[in-house]
Amino acid sequence: MSETSTRQEATIWQAEEYSVTEEPYYLPIGDEIPLFEAAYEQRIPVLLKGPTGCGKTRFVEYMAHRLGKPMNGAGDNAPRPLITVACHEDLTASDLVGRYLLDAEGTRWIDGPLTRSVKVGAICYLDEVVEARKDTTVLIHPLTDYRRLLPVEKQGQVVEAADGFLLVISYNPGYQSALKDLKHSTRQRFISIEFDYPPREHEMEIIQHEAAIDAGLAGDLAKLGEKVRNLREHGLGEGVSTRLLIYAGKLMAKGISPRRACQVAVTWSLTDDHEVQRSIEEVVTSIFE
Amino acid sequence: MSIAGELLARHRDRLAGFPGPLTEHFEAGLKALSPRFSPTQLQQWAETGVELTALNLRSWEAAAEYFKAGPEFDPATPWSAIEHLGNEAMSMAGDSTPLAISFVRSAPATLRMIGPDHVRQWADLGRRLYKGNWKSSALAAQFYDLSPDLFGVLRLSQASRLAVFVDELSRHSYELASACLTAAPQVLSDLEPDDRLPFITYAVELAQSSWADSRLYFERGTPLVHKVHQPLRERFLLLAAQVARGHNRSAFQYLEEAANSMAQLDPATHHRVVEMSEKLAVYSPYAAMDFIINTPTVLEVVRLDELDPWHEGGLQILKSSRDGGEAYFRLQSTRGEDVLENLSARVELTRVGEVLRMYCKALTGRDVHVHATAQLAEKGIGWSDEQRASTEGTTIYLPEMMERYHDKDENFAAFKVFATHQAGRLEFGSFDFDFDRPAVVLERQRPAREETSSGFVTDMERFFDLMPNRKLASDLFTITEDTRIDASVKREYGGIRKPLYRMQEEELERRPSPRQMPLRDAFVENMVRVSLGGSDFIEWPMEHSQPMALALGIMELMLRPEATVEDAAEATMRLYTLASSIPNVATQELAEGEWGNVEPMESSGQAMPMEGGEMGGEGGQPQFGDVGEGEGQEGEEGEADYSSPEPVDFRGDFKPELVQLLMKLRDGAEGGDAGEMSPADLTPEQLAELMEKSAEIDLDSLMEGDIDSSSGMFLSNLMKEAGTPASEKDHEKGEGEPTSDSSTGEGEGEEPLQPIVTVYYYDEWDFRAQDYKPRWCAVKESKLQAGEENFYENTLREHAGLVQQTRKQFELLKPEMFRKIKRLPDGEDIDLDQAIEWMVEHKAGVNPNEKLYWRRNKVERDVAVAFLIDMSASTDEEINKRDRQQDDGDYDDDPRKYLSWWVSKRRQELATPPKRIIDLEKESAVLLMTALETIGDQYGIYGFSGYGRDNVEFFVIKDFDERLDQPIKQRLDNITPIRSTRMGPALRHATHKLNLTEAKVKILVLLSDGRPQDHGYGRDRTEKEYAIHDTKQALNEAKRDGITPFALTVDRAGHDYLKTMCEDMGYEVVADIEALPSRLPTLYRRLTE
């Protein structure tokens, strides 16, 4: 992680060229790695379910790295390109496929991220896919069954996916409203790997690694996570994410006192309700000296 | 002839006409006075007397007294005094003979008290009381009669104040004045001389403001005054007098309460309290008195040195707002309460309960509740202590308040330690004991010790059955398990370690010395000390060091992270064996040197501590039964009965056996697995046995009466507890939370169920003080009883046309729910405006906005509405009164015509009773409900009435979550006029109900027939402002919560106060009352469009 922080200038990638070059840290909780590998071998699309900040994106990055394509015969694999699209309410089909743009001579076609992935054989990760507009499902369906086709309607083309292409989507069943549920016809095109916050020991290891703090503090943070998640229904959504716990840990690593770090990274981030804040605060002060 | 003889001879004839004694008195008087005065003086004396006889018919009696007094004067009395006396008597007798008689009669004694120079002043005092009628004359005479006594306790100047008082009082009641006067000498003599004048001064003020209380004051005043520290009584009475001066009718009550409050205070503080009160009196004497009255209450919450800031806070408010300050010191202001709360170091459970609940929930991961311990004791399910923390498995019970320390934060930390320990029992599995599960750090001895493995209800019971002395076993298990829990808490929660250590230390310091105890008790006491981390605090006779060393080794195992509740149980068995081997004999005779500390004997997890020891057994399974006959041994000679150690405060009550029983019953009640215990499986016999043997149930303190009835009650309490999952329990909370639910019907099946009443407390706005009165009104919510069956349908039939019309109107609302949404990237059609804009931007080379489309979107109609119907007595009024008055005129000329009209009218009325306001309210409600059903808005219909702030009745006709079914339709019929209209709390409660719904649009419609009015809703019955301001405030609160309030009234005078009440909120005065049923739905439509 320190390499990242010492990077002086931003690196600019073409979307299809970007790949995870260094192996990301990922601590497997169950059999998600062999499952994903097997799915990839068989080119079965994958749906990752789980609450925010539990490590879905990290997992995809890790798998992209692990499933790199063979480099000129033997030796190390080159990482597999990974194209991530964070879906939002206004994301339409043409945002994914591509569109014509006007220029001096008339118009020019620009590929969208999905088209690029299909062409280069990348893993395309549509994060929070239910947020996207419904017309995107039209694209997803032919790509996720045996056809592996991407219709590019405006160009009157159909692109057959390159061999390495795989569609991965993520979905957080917790906070989306009933209106934004994933349609069954869509769901049933993916295998689902469920994620949850890691158990205490694992989470401790993750925090310890990511935040670079000692095992005691990491253990306490993991304990805090577990306790706070017991308060889920008090307007806390799914409870504190591993990501937030790591933030707290990182602040501690920089010398912020544990109680203060938890206050800003956990208590205040989670809720505005004064009483719930106070309760979390009390849990924090019970765990940290 | 002497001058006396001469005078006697001269007047004898004049006097002879009167009854005999007159001459004798004259003679005696002459004889007594002649040696002291000159002949001229004597002659003057005699003539005055004789003249007296001639004034009127009865004046000779005054003369008799005058002569009689002669010999009684003090020999030193100068002539001038007697001369004055004579003149005064003459002038008095001219007005009223009885006056003169009394005056002259008591003169000798009185002059002895006041000295000869004050005859005139004295005479004037009495004369002041004389108003020319016989009653006043009697009163004045009484004054003279009592004068010798009075001057025994009062100086002349003081007596004049008393005369002012009596005079004032006599304006109202001569009787009372006379009674007070009679009592005065005694009352005053009971007081210290210095207190007498202040006492009278207060009386004067009292007579002016609240004269009738003077009697009470004279009866009870002295002891009241004595309650105040002596040097301060004058200042105290002066303060009280200032209130009386304000013409306050309850002046005496103020005095009484204040004096009683003073009595509760340490006399040493009186000076400060009075001084502080005086500072307030400058601004408001009421505040000053209320300050004194409430000081003891305040001191319950804050320490003495915190009284100053509280006083100062109120003084500042008082300076800027008299009403505000007065409310503050009356303890009727939220601001005042906040100040107190901030000053007080005490932490109350009601204030922190919710935080602690979430805290415990976070820790345990269970849906626990937090309640006051008293509630657990009330249940009668085995817990009897009302103070100590405990848990029965689903709820954590804590003391109502914490005031161990002088600091709020420390007290809260203490609360947290209490809560954490109880939560720890849940989190670390104290109640999950499984008899058959092996322990981790100790080897299992359990099954080997068991004789039969049946007939038990819980695993805990089965375990305790192993040991004959259950009390000892239970105490030891509590110690080992609490040790384990404390160790786990310290390990898991580093942040709480500090306060926990502190509590343990404090606990160790206050524990009794084991040296005073019999040996086995001392052993257990030492175990408690060890469990508190105090291995250095062990006091144990060195000659018995071996069992102690073994015990310490076992206790250390409890600190291991991997220890489980089964380990605690195993440890208990071993400790039990050790304890049983120690005779319970007195140890006092041991010398100092023989007491000491013991080093623990290493106990590896697997090794049996008693292995190879002298009380061990064979091999790895030491015999247990033979040593463990605790009860048997206690009977032996020289041994004391075993008694339990003092409980450890922060750990509270631990009743694992009961908790397991409850959990088992609960599982059964929830219809669990067939194999599970159900309440029916537990026979009374089993229960009685359980009660008898369990050390956890203290039957004596649990309930009174014989064991059979108490076990029956215990059983039914348990069943009730197990049958109702804890989540349904009401919990005590502040605003908007129900505090109790009382009286569900008793004797089911016999009579109809009483409605369940839930009480809520709300603040009330005092516009004078510009502050809330905290928890001022009690709103009692209950379901309205069902009324007649067909009311709802009949109303619909009666208004069939209107129903049709409103339905249609409401159905029209539906299409309007579709709105055009613009600026969409995709939609039904291109929005021309946007398209043009796009073209322009494109030409200009800017990145154009592509959102060119529009589409119709179905807007979710998400409305919740609460209707609040005024059920005050005034709604009983008939609505067609006015019409009849108009008709009346037509028949004035012809009585017969009028009579026939009247008869027919009467007949008609009997057939169809005249409509009242309430009837229209009911009908409107019906129409509205049908209309609302068509559009599917959430709605609740409520009625309110009540009397006084403690009794605001809030009737649920239809709650938000109820569906419109037959019982609700019947409830509608029962909307009837009841009592007053205290709108504020009813509005607040309806607001609370609306807040619980999750609708986007919330509306509160208040339907009333007039302005708010209730007993105590304002200074007096006629005051409007208070009630109106409170109602306005309640409406504002609703608005603040995002609710649209709307007030609707049928009172024609409504415009006046609705304007004040509603200001910028919607309101309407329905001019034509009968239009209400049709108006209401229309209005609602307009409101929600």
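All residue numbers refer to position in the chain's written sequence, counted from 1. Each chain is given a letter, starting from A, and each ligand a number, starting from 1, according to the order in which they appear as written. For a predicted model such as this one, the threshold for reporting local features is a pLDDT of at least 70, and the threshold for listing and counting side-chain atom pairs is 80 or more; totals across whole chains, interfaces and linings nevertheless cover every residue. Side-chain calculation: all heavy atoms of the structure are included, whereas hydrogens and water are not.

Chemist: Help me understand the packing of helix H5 (residues 79-95) of chain B against helix H7 (residues 119-129) of chain B in this model?
Modeler: In helix packing, the relevant descriptors are the interaxial angle and the interaxial distance, both defined with respect to the helix axes. Residues and elements named next belong to chain B. All axes are obtained by fitting lines to C-alpha atoms, using only the stretch in contact for helices, and the reported angles, taken between N-to-C directions, cover 0 to 180 degrees. Helical segments are the DSSP runs of H or I of at least four residues, strand segments are the runs of E of at least two, and each set is numbered from the N terminus. Put simply, H5 and H7 touch, their axes get as near as 9 Å, and they point 20° apart. Judged by the inter-axis angle, H5 sits roughly parallel to H7. For the element pair H5 and H7, the recorded crossing hand is right-handed. On H7, the residues that touch Ala 81, His 84, Leu 85, Glu 88, Ser 91 and Met 92 of H5 are Val 119, Arg 120, Ala 123 and Arg 127. In what follows, roughly perpendicular refers to angles from 65 to 115 degrees, roughly parallel to angles under 35, roughly antiparallel to angles over 145, and oblique to any angle outside these ranges. Note on convention: near helix rotated counterclockwise from far helix by under a right angle means a left-handed crossing. Clockwise means right-handed. Pairs of residues are marked as contacts when any of their non-hydrogen atoms sit within 4.5 Å.

Chemist: What is the right way to look at a nonpolar patch on the surface in this model?
Modeler: Residue and element names in this part refer to chain A. A contiguous nonpolar patch, built from Leu 251, Ile 256, Val 264 and Trp 268 and spanning about 310 Å² of accessible area, is present on the exposed surface. Along the polypeptide, Val 264 turns up in helix H11 (residues 258-270). Under the scheme applied here, a residue whose accessible area is under 20% of the maximum for its type counts as buried, over 50% as exposed, and between as partly exposed, the area being computed with a 1.4 Å probe on protein chains only. Judged by its relative accessible area of 32%, Val 264 falls in the partly exposed class. Each patch groups residues whose relative accessible area exceeds 30% and which form no salt bridge, using 9 Å between like charges and 5 Å between nonpolar side chains of Val, Leu, Ile, Met, Phe, Trp and Tyr. Note on areas: Shrake-Rupley with a 1.4 Å probe; residue coverage comes only from the protein chains shown. In the sections that follow, a salt bridge refers to a side-chain nitrogen of Lys or Arg positioned within 4 Å of a carboxyl oxygen of Asp or Glu.

Chemist: Just checking my understanding: could you explain the pattern of salt bridges for this structure?
Modeler: Pairs can form between side chains of opposite charge once their charged atoms are near each other. All names here are of chain B. If you walk through the whole model with that rule in mind, you get 67 salt bridges over all chains. Notably, a salt bridge pairs Asp 367 with Lys 361, separated by 3.9 Å at the nearest N-O pair. Asp 367 sits in the partly exposed class, given a relative accessible area of 48%. A salt bridge links Glu 657 to Arg 470, with the nearest nitrogen and oxygen atoms 3.1 Å apart. In this pair, Glu 657 is assigned in helix H31 (residues 656-669) and Arg 470 in helix H25 (residues 470-492), connecting sequence segments 187 residues apart. A residue is classified by how much of its surface remains accessible, and Glu 657, at 2% relative accessible area, is buried. Taking the relative accessible area as the measure of exposure, Arg 470 reaches 8% and is therefore buried.

Chemist: I would appreciate a short explanation of the side chain of B:Asp959 in the present structure.
Modeler: Within the element layout of this structure, B:Asp959 appears in the loop between strand E16 (952-958) and helix H41 (966-973). Exposure remark for B:Asp959: the relative accessible area of 10% places this residue in the buried category.

Chemist: Help me understand the confidence of the model for chain B in this model?
Modeler: Parts of the prediction with low pLDDT should not have their coordinates interpreted in detail. Predicted confidence across chain B gives a mean pLDDT of 78, with 82% of residues reaching 70 or more. Note on scores: pLDDT gives the predictor's confidence for each residue, bounded by 0 and 100. Predicted confidence is poor over residues 725-752 of chain B, with pLDDT under 50, and the contacts of this stretch with residues over four places away or in other chains come to 51 contacts.

Chemist: Whenever I open this one, the sheet that holds strand E2 (residues 369-372) of chain B confuses me. Can you help?
Modeler: The pairing of strands in a sheet happens through backbone hydrogen bonds and is either parallel or antiparallel. Residue and element names in this part refer to chain B. Taken in spatial order, the three strands make up an open sheet running E2-E4-E3, and their pairing is mixed. On the outer flanks of this sheet lie E2 and strand E3 (390-391), each paired with one strand and no other. The strands touched by helix H22 (residues 408-427) are E3 and strand E4 (395-398); relative to E4, the strand with the most contacts, the crossing angle is about 150°. Only strands joined by at least two bridges in the DSSP assignment are considered to pair.

Chemist: Is there a simple way to explain the packing of aromatic side chains in this structure?
Modeler: Here a Phe, Tyr or Trp ring, Trp counted by its six-membered ring, pairs with any other such ring whose centre lies within 6.5 Å, and the pair is stacked when the planes are under 30 degrees apart, edge-to-face when over 60, and tilted otherwise. For the structure on display, the rule yields 36 aromatic pairs over all chains. Arranged with centres 5.5 Å apart and planes meeting at 50°, the rings of B:Phe463 and B:Phe464 form a pair that is tilted. B:Phe464 carries the same exposure label as B:Phe463, and that label is buried. Through successive ring pairs, a cluster of aromatic residues spans B:Phe165, B:Phe199, B:Tyr202, B:Tyr217, B:Phe218 and B:Phe252. When the ring centre of B:Tyr493 is taken as origin, the NZ or CZ atom of A:Lys223, which lies over that ring, is 5.8 Å away. In our convention, an over-ring charge means Lys NZ or Arg CZ found within 6 Å of a ring centre and within 35 degrees of that ring's normal. When the ring centre of B:Tyr405 is taken as reference, the NZ or CZ atom of B:Arg502 above it lies at 3.9 Å.

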